[in-house]
Amino acid sequence: MFAILREAYGLAEDAPPSAYRRLADAWRPYRSWASFLFRATAYGVMDDRSAQDPS
């Protein structure tokens, strides 16, 4: 998750934990949902191609 957030927000590789906490606080009360969406997007689950008819 940290790598996904670094890429999405342009954080440095050595960003302190407080930087991630500030991001997560802004998503309150939807932190779990935001986390899911970041991961789903990063792993291609939200890709338009995955929603197409396979036939």
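For the structure, check the block above.
Because the structure is a prediction, the values reported are computed rather than measured.

J.: Any chance you could break down a nonpolar patch on the surface for me, citing the residues and the numbers?
T.: Taken together, the side chains of Tyr-30, Trp-33 and Phe-36 present a nonpolar region at the surface, about 390 Å² in accessible area. Turning to its location among the elements, Tyr-30 is positioned in the loop between helix H2 (17–26) and helix H3 (31–42).

J.: Residue-level account of H2, with values.
T.: When H2 is considered as a whole, its buried residues turn out to be Ala-19, Tyr-20 and Leu-23. Each buried residue of H2 sits inside an arc of 95° when the element is viewed along its axis, so together they form one side. Facing away from the buried side of H2, by more than 90 degrees, are the exposed residues Pro-17, Arg-21 and Arg-22. For H2, the secondary structure elements touched by its buried residues are helix H1 (2–9).

Rules behind the numbers
Residues numbered from 1 in each chain as written. Predicted model: local features only at pLDDT ≥ 70, side-chain atom pairs only at ≥ 80, totals over all residues. Heavy atoms only, no water. Patch = residues over 30% accessible without salt bridge, like charges linked within 9 Å, V, L, I, M, F, W, Y side chains within 5 Å. Areas by Shrake-Rupley, 256 points an atom, 1.4 Å probe, with all protein chains shown as cover. Salt bridge = Lys/Arg side-chain N within 4 Å of Asp/Glu carboxyl O. Helix = DSSP H or I, 4+ residues; strand = E, 2+ residues; numbered from the N terminus. Buried < 20%, exposed > 50% of the residue type's maximum accessible area, 1.4 Å probe, protein only. Arc of directions from axis to C-beta. Contact = heavy atoms within 4.5 Å.

What is shown is where atoms sit, not what they do.
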